[in-house]
Each structure stands twice: as structure tokens, then as C-alpha cells.
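# An overview of the molecular structure
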Amino acid sequence: LWNFYADVSLGGTFNQNVNNVSKTRTKQSSDNIVEFGTAKYDHTLSESIGVTATRSVGEVSSLMFNLSGTASQQDVDTTDDYESLGLTFAFDTSIDKHTLSPYLMLSRTDYATDAISMSTMVGFGNYYLINDSHSINYGYFYIDSKSNTTTSHTTADETNAKAHNISVGYDFILNQIISTSLGLGYGNSDAKDKTNDFENFDLDLRLNLALPFAYFSIGNLVSLNEYSSKDPSINSQLLRSDLTNTSDIMVTKAIGDFFPSIDPDRNTFITLSYEKVFSESNILNYDYISDSFAIGFNKSFHLNK
């Protein structure tokens, strides 16, 4: 009834604008324009391990429990220096052509130079199969995130926020090689510091190519963020509005395709990805261009096979 799996990952990200420095290398502070002096180029190394347990419940349902830990180290800056622990509970079941998946996720992140952050997420996803080529998916989640206020981080709780998100998507499979997806999303975040209250609207397009020599995924995400309160510490006259365009390409390949002797089961993968972000904002601080390259290795183990 039970199956146990382990996943081990190691990766690195090389960012050409790690702190989203504006195009002019200047920013607004209390209605004044000052220099954007933080680091622009940086790289981050990360490693993670996860253990998953699954159990069948009847003929069409299953339970899943996952415990994972991640560590990240940044070279120049320290914003990505952290250790995190996550716990996920999920239940999958099928009803006719519907596949319903409610879940609960708990996480704790300990930042090297910031307060400890805790979050709880609960939600569900639903997948509806129209036929062999067409399907529809939709979902909802609610997340409550909090940071601990300490003597070293006296204003950490100002980032506390509760958010709702709904999404709907359409998937099309042309053949065994080509598939596409289209997604729409809406989110609303309510923060303790009202200057961080915002609504976001997303449009996501993706093309997947399962080619004989590698798997490719190419995507483009357009996101509009509309804030509800002015931030006098930056600009007391303007209500922030951001429009971002994020393009990415990812290629995944089994190591066993190159070296069958060391990966005969082809369950060790290398992933290369590139991402470029164009952000247009009416606030100078959030008007930037960034790109990053990442490489990752992942190996899975079926522990009780």
C-alpha cells in the first residue's frame, strides 16, 4: 500500500541583476532620486533533499506526504542565504473525467540576515479531461505568511500578508511531441503594511517539446500588479503599478542518455534554464531588466522498490 521515494537536488543560479537594479541605476526615496547602490551581479548555490510517501486509497485515490529541506547560499549579497523546511499533505482522487487534488503546505524559512518566516497554504487543483487532446484545469489557494519580530528585526511583522489566488488553464496535446498550455490567474494580497496590498493579473503561455534527444519547455508570463496604497517612503504622489514580462526556456535531459553505465535507470536529470524579465513601472525603483541562467541536477530513488 505504501511507496517511499527520495529526491536529491543540487543547483546554481547566475543572475545578471540580482537586486532588480533599475535601468538608470537610480531609485526614489521619500520623493527624492538617489543612487541604486546594491549589488547587480551575483550567483546562488542551492541544495535540497525530499522524502515522499504515497499510499493508495481505493482504486482511484491516493494520499501523499512530503518532507523537504533546502539550503541556499548567495555569493555577494545575503538576501538568498537561508535554510527552509517544508511539509506537504495531498489527496488525489478521480470522479469520472475530473481529477481533484486538495493539499496543505506548511513551511519555515530561516534567513541568515532576516527574521524567520512561517507560511501556511491550503488549496486545491482540478483537472478535467475533455478528450485525448484537450483538457481544462482550475485551482484556488489561500496562503498566510508571517515573520517573527525580534530585537534584531523589530519591523519584520510588517511583511505579514494573507493572499488568495485563483487560476484557470487550457491544455492542448497535438501529438506525442508537442503540447501547449494557456493560463489565466488572479491574486489578491492583504498585508499588515498596507503599502504592500496589491492585486495581480497573470497571462501565461507555454510550449512543450518532448523531443527524442531532450525535453524543452518555452514560456512567457505577463503579469500586472496594481497596488492599493501609496508608499511615502518611496513616492508619496504615485500609486504603484507594475507590468512585467517574463520569458524562459528550459531543457531537461537524463544523465543516463550520455552515461548509461552510471545512470542505467535514467532517473538522474540535468536541467538548464534561462529567464529574462522586463519590468515596466511608474515607480523608478521597479523599472528594470534582469536575466538569469540556472543549472540543476536531480536524482530520484524508489526506496522500497
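Computed from a predicted model, the values in this text were never measured in an experiment.

A few words now on the overall build of the chain. The number of helices and strands found in the chain is zero helices and 16 strands. The C-alpha radius of gyration of the chain comes to 21 Å, within 12% of the 19 Å expected for a compact globule of 305 residues. Seen through its C-alpha atoms, the chain measures out along the principal axes to roughly 60 × 45 × 45 Å. Looking at the chain as a whole, 29% of its 305 residues are labelled buried. Considering only contacts within the chain whose residues lie at least 6 apart along the sequence, 53% involve residues at least 24 apart.

For the rest of this paragraph, the subject is the side chain of Ser135. Along the chain, Ser135 falls in strand β9 (residues 134–147). Owing to a relative accessible area of 4%, Ser135 belongs among the buried residues under this scheme. Those residues in contact with Ser135 that lie beyond four places of it in its chain are Tyr127, Tyr128, Leu129, Ile130, Gly169, Tyr170 and Asp171.

On the surface, Leu100, Phe124, Ile130, Ile136, Tyr138, Val168, Tyr170, Leu182, Leu184, Leu203 and Leu205 cluster together into a nonpolar patch covering about 840 Å² of accessible area. At the level of elements, β9, β10 (161–173), β11 (178–191) and β12 (198–211) are the ones that each hand at least two residues to the nonpolar patch. Summarising the element assignment, Ile130 is placed in the loop between β8 (117–129) and β9.

Under the defined criterion, the tally for this structure stands at eight aromatic pairs. Ring geometry for Phe213 versus Phe216: centroids 6.0 Å apart, planes at 75 degrees, classification edge-to-face. Here the aromatic residues Trp2, Phe4, Phe65 and Phe89 are joined through ring pairs into a cluster of three or more. If you follow Lys27 out to its NZ or CZ, it ends over the ring of Phe36, 5.1 Å from the centre. Across the ring face of Tyr286, the terminal group of Arg240 is positioned such that the distance to the ring centre comes to 3.3 Å.

Now for the pairing of strand β3 (residues 32–35). Examined bridge by bridge, strand β2 (residues 26–29) and β3 share four bridges and lie antiparallel to one another. Note that in β3 the partner of Ser29 across the bridge is Asn32. Here β2 hands over to β3 after two residues, with Ser30 in that stretch at a positive phi of 50 degrees.

As a further point, take the pattern of salt bridges. Within this structure, the stated rule accounts for 10 salt bridges. We note a salt bridge from Asp197 to Lys194, for which the minimum N-O separation is 3.7 Å. With relative accessibility at 9%, the residue Asp197 sits in the buried group. Among the residues examined, Lys194 registers a relative accessible area of 43% and is labelled partly exposed. The residue Asp257 makes a salt bridge to Arg266 at a minimum N-O spacing of 2.6 Å. A residue is classified by how much of its surface remains accessible, and Asp257, at 36% relative accessible area, is partly exposed. Each of Lys23, Glu280 and Asp287 takes part in one network of salt bridges that share partners.

Even without being a glycine, Arg25 presents a positive backbone phi close to 60 degrees. Its location among the elements puts Arg25 in the loop between β1 (2–15) and β2. Phi is positive for Asp31, close to 70 degrees, though the residue is something other than glycine. By the element assignment, Asp31 lies in the loop between β2 and β3.

Within the secondary structure, Ser119 is located in strand β8. Of the residues examined, Ser119 reaches a relative accessible area of 16% and is grouped as buried. Of the polar contacts made by the side chain of Ser119, one reaches the side chain of Ser107; its length is 2.5 Å. Once you skip the residues sitting within four places of it in the chain, Ser119 turns out to touch Met105, Leu106, Ser107, Ile143, Asp144 and Ser145.

Here we come to the pairing of strand β14 (residues 241–254). Bridge count for strand β13 (residues 214–227) against β14 is 12 bridges, and the pairing is antiparallel. Note that in β14 the partner of Gly219 across the bridge is Asp248. With 13 bridges connecting them, β14 and strand β15 (residues 268–281) associate as antiparallel partners. Within β15, the residue paired with Asn245 across the bridge is Phe278.

Rules used in this analysis
- Residues numbered from 1 in each chain as written.
- Predicted model: local features only at pLDDT ≥ 70, side-chain atom pairs only at ≥ 80, totals over all residues.
- Heavy atoms only, no water.
- Helix = DSSP H or I, 4+ residues; strand = E, 2+ residues; numbered from the N terminus.
- Rg over C-alpha atoms; globule rule 2.2 N^0.38 Å.
- Buried < 20%, exposed > 50% of the residue type's maximum accessible area, 1.4 Å probe, protein only.
- Contact = heavy atoms within 4.5 Å.
- Patch = residues over 30% accessible without salt bridge, like charges linked within 9 Å, V, L, I, M, F, W, Y side chains within 5 Å.
- Areas by Shrake-Rupley, 256 points an atom, 1.4 Å probe, with all protein chains shown as cover.
- Salt bridge = Lys/Arg side-chain N within 4 Å of Asp/Glu carboxyl O.
- Phe/Tyr/Trp six-rings, centres within 6.5 Å; stacked < 30°, edge-to-face > 60°.
- Lys NZ or Arg CZ within 6 Å of the ring centre and 35° of its normal.
- Pairing = 2+ DSSP bridges.
- Polar contact = N/O pair within 3.5 Å; in protein donor to acceptor, adjacent residues only side chain to side chain.

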